[in-house]
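Below, each chain spelled out in residue letters.
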Amino acid sequence: GAAHARRRGIPTVLSIHALPGLATSYIPDLDGLRGRVECLLWTYAHWLLKKFDTITTPTRAIANIVAERTGISPRTVSNGIDLRAFTSSPLAPDVERTLRSKFGLPADVPLLLYVGRLDIEKRVDRILRAAAQTMRATDAHLLIVGDGREKPALLNLCHSLGVKNRAHFT
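Residues numbered from 1 in each chain as written. Predicted model: local features only at pLDDT ≥ 70, side-chain atom pairs only at ≥ 80, totals over all residues. Heavy atoms only, no water.

## Comments concerning the overall build of the protein
Thought 1: When helices and strands are tallied, the protein shows 7 helices and 6 strands.
Thought 2: Beginning at the N terminus, the succession of helices and strands in the protein can be written as α-β-α-α-β-α-β-α-β-α-β-α-β.
Thought 3: The C-alpha radius of gyration computed for the protein amounts to 21 Å, which surpasses the reference 15 Å derived for 170 residues by more than 25%, pointing to a less compact arrangement than a globule.
Thought 4: Expressed along its principal axes, the backbone C-alpha trace of the protein runs to roughly 65 × 45 × 25 Å.
Thought 5: Residue burial in the protein is summarised as follows: out of 170 residues, 26% are buried.
Thought 6: When contacts within the protein are restricted to residue pairs at least 6 apart in sequence, long-range pairs at least 24 apart make up 61% of them.
Thought 7: Considering the protein, the positive charge centre built from 24 side chains and the negative charge centre built from 15 side chains are found 6 Å apart. (Helix = DSSP H or I, 4+ residues; strand = E, 2+ residues; numbered from the N terminus. Rg over C-alpha atoms; globule rule 2.2 N^0.38 Å. Buried < 20%, exposed > 50% of the residue type's maximum accessible area, 1.4 Å probe, protein only. Contact = heavy atoms within 4.5 Å. Lys, Arg positive; Asp, Glu negative; His and termini not counted. Charge placed at Lys NZ, Arg CZ, Asp CG, Glu CD.)

Encoded structure:
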């Protein structure tokens, strides 16, 4: 597609939302295989990025990593979340009671919240471990909103950390 666009004088844009480490997180690290594959993917990325007129990333952090690894500096273009759509205003008491009841959350306990995919590259296991420390020191509960391939392993981790009854998955 990029070659066709170049022949026709059509500008091309490549938007990078995942780095090679995402792909390699799914392969076993046998004899350093993961590191070698990631290195090959960065070499390929360096070659590929030169084929486009503009490279974008949704965050400055990803842009910095791409620039460091390839020497090519992408533009950062936000995903466009309108922060005015979110509010820190408390919920009406009846709405909060209904939501807590729906997810099995006791009234009046602090909540820890994770919202996102439950896949290996998100490292939700780290969130669970940190939450477990907080939950051992307080009466807080953890609410996890999302789904993914790691959900069964995360449920098992909650059990082994002793927080199964205070970790709630939607």
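## Let's talk about the nonpolar core
Taken as a class, soluble globular proteins show a tendency for nonpolar side chains to be buried jointly.
Thought 1: In this structure, Leu118, Leu128, Leu142, Ile144, Leu154, Cys158 and Phe169 are the most contacted members of the largest nonpolar core, which totals 15 residues.
Thought 2: For this core, the secondary-structure elements that each account for two or more residues are α6 (124–137), β5 (141–145), α7 (151–161) and β6 (167–169).
Thought 3: It is α6 that provides the largest number of residues to this core, a total of 5 residues.
Thought 4: Residues contacting Leu118, with those up to four places away along its chain left out, are Val124, Ile144, Gly146, Asp147, Gly148, Arg149, Glu150, Lys151, Leu154 and Phe169. (Core = buried A, V, L, I, M, F, W, Y, C linked by side-chain atoms within 4.5 Å.)

## Focus on the packing of α6 against α7
Describing two packed helices takes the angle between their axes plus the distance from one axis to the other.
Thought 1: α7 packs onto α6 with a crossing angle of 30 degrees between their chain directions and a minimal axis gap of 10 Å. One element, α6, and the other, α7, form an angle in the roughly parallel class. Our pair here, α6 against α7, has a crossing hand that is right-handed. Residues Val124, Asp125, Leu128, Arg129, Ala132 and Arg136 of α6 form the contact with α7, whose participating residues are Leu154, Leu157, Cys158 and Leu161.
Thought 2: By residue class, the composition of the contact of α6 with α7 is 7 nonpolar, no polar and 3 charged. (Axes fitted to C-alpha atoms, helices over the stretch in contact; angles between N-to-C directions. Parallel < 35°, antiparallel > 145°, perpendicular 65-115°, else oblique. Left-handed = near helix turned anticlockwise from the far one by under 90°. Nonpolar A, V, L, I, M, F, W, Y, C, P; charged D, E, K, R; others polar.)

## Side note on the sheet that holds strand β1 (residues 13–15)
Thought 1: Taking strand neighbours across the sheet as the criterion, the 3 strands line up as β1-β2-β3 in an open arrangement whose pairing is parallel. For this open sheet the edge positions go to β1 and β3 (75–76), each flanked by a neighbour on one side alone.
Thought 2: Here strand β2 (residues 54–57) runs beside β3; their pairing, made up of 2 bridges, is parallel. Looking across to β3, one finds that Thr57 is bridged to Thr76. (Pairing = 2+ DSSP bridges.)

## Regarding the confidence of the model for the protein
Thought 1: Across the protein, the average pLDDT comes to 92, with 99% of residues at or above 70.
Thought 2: At the level of individual helices and strands, the protein shows its lowest average pLDDT in helix α2 (residues 20–24), which scores 87, and its highest in α7, which scores 97. (pLDDT = per-residue confidence, 0-100.)

## A closer look at the sheet that holds β6
Thought 1: Strands sit in the order β4-β5-β6 across an open sheet of 3 strands; the sheet is parallel. One side of each edge strand has no neighbouring strand; the edge strands of this open sheet are β4 (111–115) and β6. Pairwise comparison of adjacent strand axes, ignoring direction, gives a mean angle of 20 degrees for this sheet.
Thought 2: Pairing analysis gives 3 bridges linking β5 to β6, with the strands arranged parallel. Considered in β6, the bridge of Leu143 is made with His168.

## A few points about the pattern of salt bridges
Thought 1: Within the structure shown, the criterion is met by 4 salt bridges.
Thought 2: For Asp119, the salt bridge goes to Arg117, with nearest N and O atoms at 3.0 Å.
Thought 3: Here Glu121 ties to Arg117 by a salt bridge, and the two come within 2.6 Å at their closest N and O atoms.
Thought 4: Using a relative accessible area of 39% as the deciding quantity, one classes Arg117 as partly exposed.
Thought 5: Here the salt bridges do not stand alone but share partners, grouping Arg117, Asp119 and Glu121 into one network. (Salt bridge = Lys/Arg side-chain N within 4 Å of Asp/Glu carboxyl O.)

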